[in-house]
Amino acid sequence: MSISGENAGLVTEIENKLPVRITKDLEESAPLFLHFLTKVAEKLDKTGRTQKSQRKLDGCKEKTEISRRKFLEYSIKLETLNEVIFKSEISSLTLPGASHETALVNRLRENLTLAEVSCMLDLGQINGTRVTTLGLDPSDPRLKPRQDQEFGAQILPLVEDVLFDKCLSVLCLVDSDVDPSSSRRSLHPQIVRLADRVSDLVSTVDRSEKELAEFCTEWNACYQQQCLVTQQIVEKLTILIKNHFCGSKAKFNLTLVKYMNAKCEALVLKLRCLELEILNATYTRESIAALRKIRNRLTEQMKEAQSELLNLKTTLEQYHQCGPEFSELVREYARLQKEIEGKKWALSELRGGTNP
């Protein structure tokens, strides 16, 4: 009992440390393999990587996340500035803008273009020689945007307007009760708290995802347990069917066949008895004596008919032997016979008429 309990604890520890599942057969048949997995679990993480590799991977993920956040921040800033330019161009199509605002937008467009070009100059090195786009010098002051603090302060209201519109749309998504037609002063406190509300939503989503992952893990564990129980039930049912049900069913079928055979034989005997009873009731002693007399009489009549038939055949044979001339004699004889019969009938009629 202690050895089995120790193996069970060892299997649980291995399954918690490694993404493996150990069956009971493997646990019983390969104890050395369990110790090997224990040694492997000391070196590997839950994901199957070494602990050192996992630490490096976590560090790289953290650096990537920081870089991604910086890139996202710069992308938002660039998109905002492009939105300022685009909004100014759209508004200038309908109403002419102020000359001061137009000059700011043009300068902003120029600075963005110069910033993008300066980022595209450096193409790396070839054989130790630095290569740039079109051979331009990155240190050329004409390729760098002009830095002016007053320009930043002047462009700030335009950026604030764009960011306000963006934040207002996000706020309407977060809180459906917000009225976008309200004054900017009344909406400003809510926009200031928008970051906290978005953070709360993100944390809520993260917690929900963690709870969902926990529920999925728990569901998988329950599912695996149910599968194991189902497998055990199937094994037990297979044993019951093969060892008990099939044997008893075969015996039952054999007994049923014997019973049906005996029943069929009994029915045949019963039909034979009914046939004999019918024959016994039909052919009594008196009826048998009468049938024997009838048979004897019919036998005698058959003998007489056969003898007469034989005599006729003999006579007919004799007639055939006489040749074709005898046919005229027969017809003449038949004619005379008819005349005799007719005269006899007339004579009898004549006598019958004279007797009264």
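A brief look at the structure comes next. Predicted model only: the values in this text are computed from it and were never measured.

### Notes on the side chain of Thr80
Next up, step 1: Among the secondary structure elements, Thr80 is positioned in helix H4 (residues 51-94).
Next up, step 2: Using a relative accessible area of 10% as the deciding quantity, one classes Thr80 as buried.

### Description of the pairing of strand E2 (residues 129-132)
Next up, step 1: Strand direction decides the pairing type here: strand E1 (residues 122-126) and E2, joined by 3 bridges, are antiparallel. Directly across from Gln125, in E2, lies its bridge partner Arg130.
Next up, step 2: Between the antiparallel neighbours E1 and E2 lie 2 residues, among them Asn127 with a positive phi of about 55°.

### Remarks on the nonpolar core
Next up, step 1: Within the largest apolar cluster, 11 residues are counted, these being Val84, Ile85, Leu104, Val105, Leu108, Leu112, Phe151, Ile155, Leu158, Val159 and Val162.
Next up, step 2: Those elements that provide at least two residues to this core are H4, helix H5 (99-119) and helix H6 (149-174).
Next up, step 3: For this core, the element with the most residues is H6, which contributes 5 residues.
Next up, step 4: Setting aside anything within four residues of it in sequence, one finds Ile155 in contact with Leu104 and Leu108.
Next up, step 5: Core analysis: the next-biggest nonpolar cluster, separate from the first, contains 8 residues, Leu10, Ile14, Leu34 and Ala41 among them.

### Things to note about the packing of aromatic side chains
Next up, step 1: Counted under the stated rule, the structure contains 1 aromatic pair.
Next up, step 2: With 5.2 Å between their ring centres and 10° between their planes, Trp219 and Tyr223 make a pair best called stacked. Of this pair, Trp219 and Tyr223 both sit in helix H8 (residues 194-282), 4 residues apart, roughly one helical turn.
Next up, step 3: Take Tyr223: its relative accessible area is 40%, and that puts it in the partly exposed class.

### Points about the environment of Glu339
Next up, step 1: Examined against the element boundaries, Glu339 turns out to sit in helix H10 (residues 325-354).
Next up, step 2: Owing to a relative accessible area of 36%, Glu339 belongs among the partly exposed residues under this scheme.

### Thoughts on H4
Next up, step 1: Over its 44 residues, H4 runs 64 Å from end to end, which matches the ideal 64 Å to within 8%, given 1.5 Å per residue.
Next up, step 2: Within H4, burial applies to Gln54, Thr80, Val84, Ile85 and Ser88.

### Things to note about the pattern of salt bridges
Next up, step 1: All told, the structure shown has 8 salt bridges when counted by the stated rule.
Next up, step 2: For the salt bridge of Lys87 with Asp165, the shortest nitrogen-to-oxygen distance reads 3.3 Å. Residue Lys87 is found in helix H4, and its partner Asp165 is found in helix H6; the two are separated by 78 residues along the sequence.
Next up, step 3: Residue classification places Asp165 among the partly exposed residues on the basis of a relative accessible area of 41%.
Next up, step 4: Glu332 is the partner of Arg335 in a salt bridge, and the nearest nitrogen-oxygen pair spans 2.0 Å. You can see Arg335 and its partner Glu332 sitting in helix H10, 3 residues apart, about one turn around the helix.
Next up, step 5: Taking the relative accessible area as the measure of exposure, Arg335 reaches 38% and is therefore partly exposed.
Next up, step 6: Residues joined in a network through salt bridges with shared partners are Glu65, Arg68 and Arg69.

Each value, and the rule that gives it
- Within each chain, residues carry numbers counting from 1 in the order of the written sequence.
- The predicted origin of the model limits local features to residues at a pLDDT of at least 70 and limits the giving and counting of side-chain atom pairs to 80 or more, whereas totals for whole chains, interfaces and linings rest on all residues.
- With hydrogens and water stripped out, all remaining heavy atoms of the structure feed into the side-chain values.
- Helical segments are the DSSP runs of H or I of at least four residues, strand segments are the runs of E of at least two, and each set is numbered from the N terminus.
- For every residue, the accessible area obtained with a 1.4 Å probe (protein chains only) is divided by the maximum for its type, and the residue is called buried under 20%, exposed over 50%, and partly exposed between those limits.
- We call two strands paired when DSSP finds no fewer than two bridges between them.
- Buried Ala, Val, Leu, Ile, Met, Phe, Trp, Tyr and Cys residues that are joined via side-chain atoms within 4.5 Å together make up what is termed a nonpolar core.
- Between two residues, a contact is recorded if the distance between any of their heavy atoms is within 4.5 Å.
- To pair, rings of Phe, Tyr and Trp, with the six-membered ring standing in for Trp, must have centres within 6.5 Å; the planes then decide the type, stacked if under 30 degrees apart, edge-to-face if over 60, and tilted in the middle.
- For a helix, the expected span equals 1.5 Å multiplied by the residue count minus one.
- Salt bridges are identified by distance alone: a Lys or Arg side-chain nitrogen within 4 Å of an Asp or Glu carboxyl oxygen.

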